Amino acid sequence: MMEGIKFFFKRLITKPSGLIGVSIVAILIFSALMAEVVSPYSPTKMGAGKRFSKPSSNYVLGTDEFGRDMLSRILHGSCLLYTSPSPRDRTRSRMPSSA
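Residues numbered from 1 in each chain as written. Predicted model: local features only at pLDDT ≥ 70, side-chain atom pairs only at ≥ 80, totals over all residues. Heavy atoms only, no water.

A. Focus on the side chain of His76. Here His76 shows up in helix H4 (residues 70-83). At 3.2 Å, the side chain of His76 and the side chain of Ser39 are in polar contact. (Helix = DSSP H or I, 4+ residues; strand = E, 2+ residues; numbered from the N terminus. Polar contact = N/O pair within 3.5 Å; in protein donor to acceptor, adjacent residues only side chain to side chain.)

B. The arrangement of the side chain of Asp69 in detail. Relative to the assigned elements, Asp69 resides in the loop between helix H3 (35-38) and H4. Look at Asp69: it is buried, it has no salt bridge, and the nearest opposite charge is Arg73 at 9.1 Å. Of note is the side chain of Asp69, whose polar atom sits 2.7 Å from the side chain of Ser72. Setting aside anything within four residues of it in sequence, one finds Asp69 in contact with Pro40, Tyr41, Tyr59, Gly62 and Thr63. (Buried < 20%, exposed > 50% of the residue type's maximum accessible area, 1.4 Å probe, protein only. Lys, Arg positive; Asp, Glu negative; His and termini not counted. Salt bridge = Lys/Arg side-chain N within 4 Å of Asp/Glu carboxyl O. Contact = heavy atoms within 4.5 Å.)

C. Expanded view of helix H1 (residues 2-14). When the terminal C-alpha atoms of H1 are compared, their 18 Å separation across 13 residues agrees well with the 18 Å that a helix rising 1.5 Å per residue should span. Here H1 lies mainly on the outside; zero of its 13 residues are buried. (Expected span 1.5 Å × (residues − 1).)

D. Representation of the packing of aromatic side chains in the model. Tallied over the full model, the rule gives two aromatic pairs. Relative to Phe9, the ring of Phe8 lies with its centre 5.2 Å away and its plane at 70 degrees, an arrangement referred to as edge-to-face. What makes Phe8 partly exposed here is its relative accessible area of 48%. (Phe/Tyr/Trp six-rings, centres within 6.5 Å; stacked < 30°, edge-to-face > 60°.)

E. The arrangement of the environment of Pro55 in detail. Note on placement: Pro55 falls in the loop between H3 and H4. Between the alpha carbons of Pro55 and Leu71 there is a distance of 10.0 Å; along the sequence they are 16 residues apart. Not counting residues up to four positions away in its chain, the partners in contact with Pro55 are Val60, Leu61 and Gly62.

F. Here's a closer look at a nonpolar patch on the surface. Taken together, the side chains of Val25, Ile29, Phe30, Leu33, Met34, Val37, Val38, Leu81 and Tyr82 make up a nonpolar region of the molecular surface, amounting to roughly 860 Å² of accessible area. Counting only elements with at least two residues in the nonpolar patch, the list comes to helix H2 (16-33), H3 and H4. In terms of residues, the nonpolar patch owes the most to one element, H2, which gives four residues. Position of Leu81 among the secondary structure elements: in helix H4. (Patch = residues over 30% accessible without salt bridge, like charges linked within 9 Å, V, L, I, M, F, W, Y side chains within 5 Å. Areas by Shrake-Rupley, 256 points an atom, 1.4 Å probe, with all protein chains shown as cover.)

That is the geometry; function is a separate question.
Here it is, written out as structure tokens:
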């Protein structure tokens, strides 16, 4: 079992496509966990920009129908994805103990 895992990680690191994949995943997780620092605008502030503005240097992914920055909303949403407990964790904590 351990030999298979070692082989997998050795191959993952030595192949260029493996390094690219690992670095993309690491960047996504880092930006999600650091959303407060990385995001340029507040994700909930309405009227931060013009409604439905196209991607530009000010709003990298544009704005939505309320003028909110889409990049900030995506970063904060991904932060919630990685930091909130899963529904399975909540149901386990409510289960009565068998003792």
